[in-house]
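Now for the letters of each chain:
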Amino acid sequence: LIRQSPEYGLFSFEAYLRSRLGKTAVELVEIDTRTWVVTFSLLVPLVYLCTSLQFVDVLKVQVAAAWLLFGCAVIFTIMLEEDTYELTPKVPRDARQTLRLFSGTSSQMLRRAAQLSPGSARIAWNGSGEGEPGKGTSVMGRRFRPGLGDAEGKRRPFLGRPLGYYKRQQPGAGRFPSSESYLQILRLLGFIQAVCITSLLVVFLTHPLKDPFEILLYVLAWVPWPILLVWLAPVLIRRLTIRNSIEGEKDVNLIQKCIQKAKEGLLRDFVRVMQIATFERRAVQRQEAWTLPDSGAVAAAAAAGGGSGGRSAWTRAQAEAVIARGEQLFQEELPNFEQWEVWQMFGAADADNDGRISIDDLSEMLCMALSEGPFSCNSADESAANILRLVDFDGESVLTWPKFKALTMLATLDRPEHEIFEDLGNYFDTLDVDGRHQVTCCKIVEAVQEFRIGLSTEDVANLLYIRFGQAKPVVTRDEFIKWLTPYCVSLN
């Protein structure tokens, strides 16, 4: 499925449910005309009856109404659970088969699969396209799964629509309400609940409670509401959100919006990789200590006339300080959704699923940005080694998550704005190979894909259209900078 429609590998079900949850909550509190009419039809006769009752009897009515609504909420909570369960595909009873079923479905691995062409999937599976699996990197997680015994030799399980789904397609066959009916009923119960709570407040303000029995009734009338609001209401909203996101009731427009947000995140990833590459190149030009090997640092110090007391080699203590600085920026300055994007970026680059990015993978990632232009260098391997030296506090010469996080923060957040504009303009110049001061959309796509960023020509064209409000088959240098500026973390 990901090979045929790569955009599904970018879809965040979490983002979809978060938006859907907010929409459900708003729909529950927005009172429509039907809810007003039904509520008044139910409450007007009851209020009229209460006008002829003693005060203690009115309290009894309030207690009965409170617990009746609480009981209805409990019933609908159970109904929603059973209803959703009936429509949910059943996983295998063998836990090992369940592990096989969901193997390769983490967000990082789906994204990695979406960024590979159909021809590269086989190479990513066994390294060379031939031989036994397990000799290269994996896009399905098969190499890094625990041994599952004889389950490995059985047919791979698949999820299908349950029988309950097909029964629902027949008119009148469903034994549960529709999502819209659930919404109407819960909206009505919520409105009646608000009226009942208001009546309890009015009683407290207008009728002093002196008799112990009246106080007991009043307390009993209040008891269900905290339980309903704190426990039952969130459960109901969550279950209703899941229920109205299944198959025919899913919000297609919201799905497309979530996918579009993910593609904008990929564009931010593109800018991040470019900033990491230019961050290292600028440091090389300034001859900062972490860009010089041990012997190079001493030689530079001697050439500067500092003798042995000059600039020393980059130490692990300095690398630890860089890690601490990056962690601080990550936690204090970066929004939560961009923190998640950085993690996704690391996970997609971690081809071996072992929590490490090798120097070869990092070198390949930087190769395109450093091939031409003012920040070009003879070897991307040299740049990768420099970057590792900056954050290599443990001497392992691989990028782990704390190292990658710190590196990304220093290259994006902890830099002056003018450098960002210069980097974007300089990168445009590397794309403008014919000197016409404009590049085509297709050329931008080629450059983006060289960074292992899974954006197609259509995706880039849509992102350009969203930014400029018109189709942009070609962009100028100023337009290129204007387009990518909102995706630069340090300028947001």
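Residues numbered from 1 in each chain as written. Predicted model: local features only at pLDDT ≥ 70, side-chain atom pairs only at ≥ 80, totals over all residues. Heavy atoms only, no water.

K.L.:
Is there a simple way to explain helix H2 (residues 33-50) in this structure?
P.N.:
Residue pairs spaced three or four apart in an α-helix point in one direction, given the helix's 3.6 residues per turn. An ideal rise of 1.5 Å per residue puts 26 Å on 18 residues; H2 measures up with 25 Å between its terminal C-alpha atoms. Bending of H2 peaks at approximately 25° at the position of Leu-43, with proline Pro-45 no more than four residues after it. Residues Thr-35, Thr-39, Leu-43 and Cys-50 constitute the buried set of H2. Contact partners of the buried residues in H2: helix H3 (55-87) and helix H8 (179-206). (Helix = DSSP H or I, 4+ residues; strand = E, 2+ residues; numbered from the N terminus. Expected span 1.5 Å × (residues − 1). Bend = angle between axes of the 7 residues up to and from the residue. Buried < 20%, exposed > 50% of the residue type's maximum accessible area, 1.4 Å probe, protein only. Contact = heavy atoms within 4.5 Å.)

K.L.:
Is there a simple way to explain the nonpolar core in this structure?
P.N.:
Taken as a class, soluble globular proteins show a tendency for nonpolar side chains to be buried jointly. Judged by nonpolar contacts, the single largest core of 36 residues is most densely connected at Leu-362, Leu-390, Val-391, Leu-399, Phe-404 and Leu-407. At the level of secondary structure, the elements contributing two or more residues to this core comprise helix H11 (252-285), helix H13 (316-333), helix H14 (336-349), helix H15 (359-367), helix H16 (380-391) and helix H17 (401-412). Looking at this core, the element that brings in the most residues is H17, giving 7 residues. Contact partners of Phe-404, with chain neighbours within four places excluded, come to Val-342, Met-345, Phe-346, Ile-357 and Leu-399. With 30 residues, the next largest nonpolar core counts Phe-270, Leu-431, Val-460 and Leu-463 among its residues. (Core = buried A, V, L, I, M, F, W, Y, C linked by side-chain atoms within 4.5 Å.)

K.L.:
Could you clarify how one ought to interpret the environment of Val-61 in this entry?
P.N.:
Within the secondary structure, Val-61 sits in helix H3. For Val-61, a relative accessible area of 23% corresponds to the partly exposed category. The sequence separation of Val-61 and Val-47 amounts to 14 residues, and the corresponding C-alpha distance is 10.0 Å. Excluding residues that lie within four positions of it along the chain, Val-61 makes contacts with Leu-46, Cys-50 and Leu-53.

K.L.:
Mind showing me how you'd approach the packing of helix H20 (residues 457-468) against helix H21 (residues 477-484) here?
P.N.:
The description of two packed helices rests on the angle between their axes and on the distance between the axes. At their nearest, the axes of H20 and H21 sit 10 Å apart, and the two run at 90° to each other. Between H20 and H21, the angle is such that the two are roughly perpendicular. Seen from H20, the contacting residues are Val-460, Leu-463, Leu-464, Arg-467 and Phe-468; seen from H21, they are Glu-479, Lys-482 and Trp-483. In the contact of H20 with H21, the residues fall into 5 nonpolar, no polar and 3 charged. (Axes fitted to C-alpha atoms, helices over the stretch in contact; angles between N-to-C directions. Parallel < 35°, antiparallel > 145°, perpendicular 65-115°, else oblique. Nonpolar A, V, L, I, M, F, W, Y, C, P; charged D, E, K, R; others polar.)

K.L.:
Honestly, the environment of Glu-280 in this entry has me stumped. Any pointers?
P.N.:
Inspection of the secondary structure puts Glu-280 in helix H11. A residue is classified by how much of its surface remains accessible, and Glu-280, at 0% relative accessible area, is buried. Aside from chain neighbours lying at most four places away, what touches Glu-280 is Trp-290, Thr-291, Ser-383, Asn-386 and Ile-387. At 3.0 Å, the side chain of Glu-280 and the side chain of Ser-383 are in polar contact. (Polar contact = N/O pair within 3.5 Å; in protein donor to acceptor, adjacent residues only side chain to side chain.)

K.L.:
Could you clarify how one ought to interpret the pattern of salt bridges in this entry?
P.N.:
A side chain with one charge may pair with a side chain of the opposite charge, provided their charged atoms come close. Under the counting rule described, the total for this entry stands at 26 salt bridges. Of the charged contacts in the structure, one is a salt bridge between Glu-280 and Arg-281, with a shortest N-O distance of 2.7 Å. Each member of the pair, Glu-280 together with Arg-281, is buried. With a shortest N-O distance of 3.6 Å, Glu-288 and Arg-286 are connected by a salt bridge. Note on Arg-286: relative accessible area 47%, which makes it partly exposed. Among the charged side chains, a network of salt bridges with common partners joins Arg-282, Arg-286, Glu-288, Glu-419, Glu-422 and Asp-423. (Salt bridge = Lys/Arg side-chain N within 4 Å of Asp/Glu carboxyl O.)

K.L.:
Please explain unusual backbone geometry as it appears in this structure.
P.N.:
Peptide bonds are mostly trans, and most non-glycine residues show a negative phi. Positive phi outside glycine occurs at Ser-397, with the angle close to 60°. Its place among the elements puts Ser-397 in the loop between H16 and H17. Located in the positive-phi region is His-437, a residue other than glycine, with phi close to 65°.

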